[in-house]
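Coordinate analysis (summary)
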Amino acid sequence: MMLPFFLFTALVGFVTAGNAGWGEPCSQENNRLQLGTWQFWDECNSKTYCAANSTCAHKGCRRDDYPFGYNVGSDFAPKCPRGTFCPDEEDACMPQQPVDSPCQLNRDDQCQGPPDFKALAGKNELGLNVNGSVCINNVCMWANVTEGEPCAVENTPYIVYGVSRQETVDIVSRGNCRLGLYCDAQQHRCIAARRIGEECDADKECETFNCLSSGRCGAIPRKPSEVGVWVYVLVCVGIILGMFGTLFGLYWVHRSQREAERERRLQYWREQNMFHQSLTQLKETARSSIMSVRSSVSLMPGQSDSQQPILQHPVPRAPSSLRYQHIE
Ligand SMILES: *[C@@H]1O[C@H](CO)[C@@H](O)[C@H](O)[C@H]1NC(C)=O
Ligand SMILES: *[C@@H]1O[C@H](CO)[C@@H](O)[C@H](O)[C@H]1NC(C)=O
Ligand SMILES: *[C@@H]1O[C@H](CO)[C@@H](O)[C@H](O)[C@H]1NC(C)=O
């Protein structure tokens, strides 16, 4: 199935939008769905559609809240009220169609809802049906087929791109089974969807519409991940530990720095003290030597003050007198 599809892709290529403006000629025969995205395309630009008289006319309705291609603040066509729909061409609102009427690809909203729409309507926004009705193979149906009963299935290949722009195909398979069932493409019968953790081959086989690459059903991708209480506790403990760890770490660093600084100062003090002591010793030695010289020469008696520092000591005077005595 994939090889011819790729060949087809290579031949057709992609065109994003038509560019014919209002009043310009166009041909409805060129209306088509773009391959790979299955988006509707015509020759007219995004503000116009190709009318029956083969000219581009202003659009009569819109499907998006903020339609593409309009300037900010400009007027655009209204959305369609309940019970009607805006077709892919966006020409005018049309009433919803009964069962077995034609509809456009994936436009479940073009079909009238069943009487028991409340029980059949799809939940979880998985796109299984709209108000209990589905458009399968361009025919309106109700999604009401029960388990084991024959069903209709439609496989649509979409082109998807990987991280490095490699092209792959994502096949979306839809059917008219009730919620919780899927239409098997081989047997064409409704089969119960599998729960999380059970084996699967395609997304549609899972209740959650998410078949993981491991071949088992996973949780709904958009479901917010819930974490256990222990994670919160762990995070809180981590935050508190981080706070106090930083606090004590800084305390230890500062303390060791302070210790080192104190040790340095102590060392400096010891050195200074040593210098002081040796200086005092030097003084003592000098004084004693001078004293011995004095006593031997018997100088003035008032000069024996031991508290006087060595530099203020009248040393120069004493030797000078000594010298004079020697000379005399
Ligand atoms: C073509 O049809 C559209 C829609 O009906 C209309 O608005 C437009 O005036 C028509 N153009 C011509 C040239 O008749
Ligand atoms: C769903 O379908 C029922 C039956 O056709 C209809 O009455 C109801 O308005 C629809 N609800 C919505 C939201 O379209
Ligand atoms: C189921 O839907 C089909 C249309 O798709 C309808 O013809 C048929 O009557 C419905 N069956 C039940 C039991 O409602």
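Structure: above.
What comes next is a walk through the structure. For clarity, every value in this text was computed on a predicted model and none was experimentally measured.

If you tally the helices and strands in the protein chain, you get four helices and 12 strands. Split into buried and exposed, the 328 residues of the protein chain put 17% on the buried side. Sequence-distant contacts, at least 24 apart, represent 42% of the contacts inside the protein chain between residues at least 6 apart.

It is worth spelling out the site of ligand 2 at this point. Neighbouring residues of ligand 2: R82, Q112, G113, F117 and N131. Grouping the amino acids of the shell around ligand 2 by side-chain chemistry returns one nonpolar, three polar and one charged.

Next up on the list: the site of ligand 1. Every residue close to ligand 1 is listed here: A51, N53, T55 and A57. Considered class by class, the residues forming the shell around ligand 1 number two nonpolar, two polar and no charged.

The next subject is the environment of R32. One can find R32 in strand β1 (residues 32-33). The sequence separation of R32 and E43 amounts to 11 residues, and the corresponding C-alpha distance is 9.7 Å.

The pairing of strand β9 (residues 153-161) with strand β10 (residues 167-175) spans nine bridges and is antiparallel. The residue bridging V160 from the neighbouring strand is T168, located in β10. Where β9 hands over to β10, the hairpin turn is made up of five residues, of which R165 adopts a positive phi near 65°.

Rules used throughout
One numbering rule holds for all chains: residues counted from 1, following each sequence as written. Lettering for chains starts from A, numbering for ligands starts from 1, and both go in the order in which the items are written. A pLDDT threshold of at least 70 governs which residues receive local features in this predicted model, and a stricter bar of 80 or more applies before side-chain atom pairs are shown or counted, although totals over entire chains, interfaces and linings include all residues. Note on conventions: DSSP H or I runs of at least 4 residues are helices, E runs of at least 2 residues are strands, and numbering of each starts at the N terminus. Counting other C-beta atoms within 10 Å of a residue's own tells you its class, since 20 or more makes it buried, 12 or fewer makes it exposed, and anything in between is partly exposed; those C-beta atoms are placed from the backbone. Here contacts are defined at the residue level, using C-beta atoms placed from the backbone and a cut-off of 7 Å between them. Proximity of a residue to a molecule or strand is defined by its backbone-placed C-beta atom lying within 6 Å of that partner. Each residue gets one of three labels, nonpolar for Ala, Val, Leu, Ile, Met, Phe, Trp, Tyr, Cys and Pro, charged for Asp, Glu, Lys and Arg, and polar for the others, Gly among them. In this analysis, strands are considered paired if DSSP registers two or more bridges between them.

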